[in-house]
Amino acid sequence: MKPISNKTKYKVRFATVLGIILSLSALVSAQSVYQPYSYQFYQKLDSDAYSTQTRIHTSLKPFFVDDSLLKHRYDSLMNYGSANNNHSGLYKKLFNEHLIDVRSAKATFYADLLPDFIIGSQFPQNKTTWLSSIGLQLGGTVGSKFYYNISGYANNAVFPDYLTTYINKVGIIPGQAKAYNNGNNQYNWTEVRALVSYTPVKYLNIAAGHDKTFIGDGYRSMLLSDYASPYFFFKLTGTLGDVRYMAMFTYMNDPATTSQYNIDRKKF
């Protein structure tokens, strides 16, 4: 019997290692499309996210909505491929679908106008409180590896006294941005968020932006909550089978405490 040459051994080893790598890569799908985190919207995904039949990494938010375990639920909510005709086209366009939604084999694009108005009253002072907000959201994908989302909001509001006291002390609208007092404790502020996501290989996602991240399950988190204002971050997320690892680098600002040079404290 002819002995196996060293060259043949190396070829066999290389083919074996390559086969193992490809097999491990097949355990996960390329995930790059984020769903911007909203506690109210994410509740609509709970039946799948917390089902005993799925193994979604619920403690790291925002989710990848192109995750195969969430995609059918998300598509149903957004009427992508849904056979649900209980509502009119106008209702779906206003409450379920993007206002502008363009899709092709190589790219997608969506845009939304995001108005909001709230009015209330503070008792017993009989003080009228209100919030007027107008926002614009743009996003989409390029191929199957690149995703982006940009949103901006212009806001005006009169808050209850307990919030007004806090805002006057720290100068920040809780969870949003720097406040500007128009007089009579009426405030205006702008908030901008952005996220880009790239998945070069199936098991690695690279994301960067100015947004929020939530680590944990529940309404608040002791690790990292969405209570703070948006901050700059760079994030690496690796997934292999049932294991997910996330490393995030952030740049944060503390406006409540200033340094000896009368500037806000910064933290990496």
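What you are looking at is a predicted structure, and each value in this text was computed from that prediction instead of being measured. (Residues numbered from 1 in each chain as written. Predicted model: local features only at pLDDT ≥ 70, side-chain atom pairs only at ≥ 80, totals over all residues. Heavy atoms only, no water.)

(A) Here's a closer look at the pairing of strand 3 (residues 107-122). Pairing between strand 2 (residues 100-103) and strand 3: four bridges, direction antiparallel. Following the sheet pairing, valine 102 is matched in strand 3 by phenylalanine 109. With antiparallel pairing between neighbouring strands as the criterion, strand 2 and strand 3 make up a hairpin whose turn holds three residues. Two strands pair when backbone bridges link them, and strand 3 and strand 4 (residues 127-142) are joined in this way by 16 bridges, in the antiparallel orientation. Residue isoleucine 118 lies in a different strand from strand 4, and its bridge partner there is leucine 131. (Pairing = 2+ DSSP bridges. Helix = DSSP H or I, 4+ residues; strand = E, 2+ residues; numbered from the N terminus.)

(B) Structural context of unusual backbone geometry. A cis amide bond, omega 10 degrees, links lysine 61 with the succeeding residue proline 62. Following the sequence through the fold, proline 62 ends up in the loop between strand 1 (60-61) and helix 4 (68-77). For the peptide bond that leads from phenylalanine 123 to proline 124, omega is 5 degrees, which places it in the cis range. Topologically, proline 124 is positioned in the loop between strand 3 and strand 4. Phi at asparagine 184 is positive, roughly 60 degrees, even though this residue is not glycine. When you line up the elements, asparagine 184 lands in the loop between strand 6 (180-181) and strand 7 (186-201). Under the relative-accessibility criterion, asparagine 184 is labelled exposed at 78%. You will see that asparagine 185, though not glycine, has its phi angle at about 55 degrees, which is positive. Here asparagine 185 is to be found in the loop between strand 6 and strand 7. (Buried < 20%, exposed > 50% of the residue type's maximum accessible area, 1.4 Å probe, protein only.)

(C) Main features of the pattern of salt bridges. Enumeration over the complete set of coordinates arrives at nine salt bridges. Linking aspartate 48 and arginine 73 is a salt bridge whose minimum nitrogen-to-oxygen distance equals 3.4 Å. Here aspartate 48, found in helix 3 (residues 46-49), pairs with arginine 73, found in helix 4; they are 25 residues apart in sequence, far enough to count as distant. Ionic pairing is found between aspartate 75 and lysine 71, a salt bridge with its closest N-O pair at 2.9 Å. Of this pair, aspartate 75 and lysine 71 both sit in helix 4, separated by four residues, roughly a single helical turn. Here the residues in one salt-bridge network are Glu191, Arg193 and Asp211, joined through shared partners. (Salt bridge = Lys/Arg side-chain N within 4 Å of Asp/Glu carboxyl O.)

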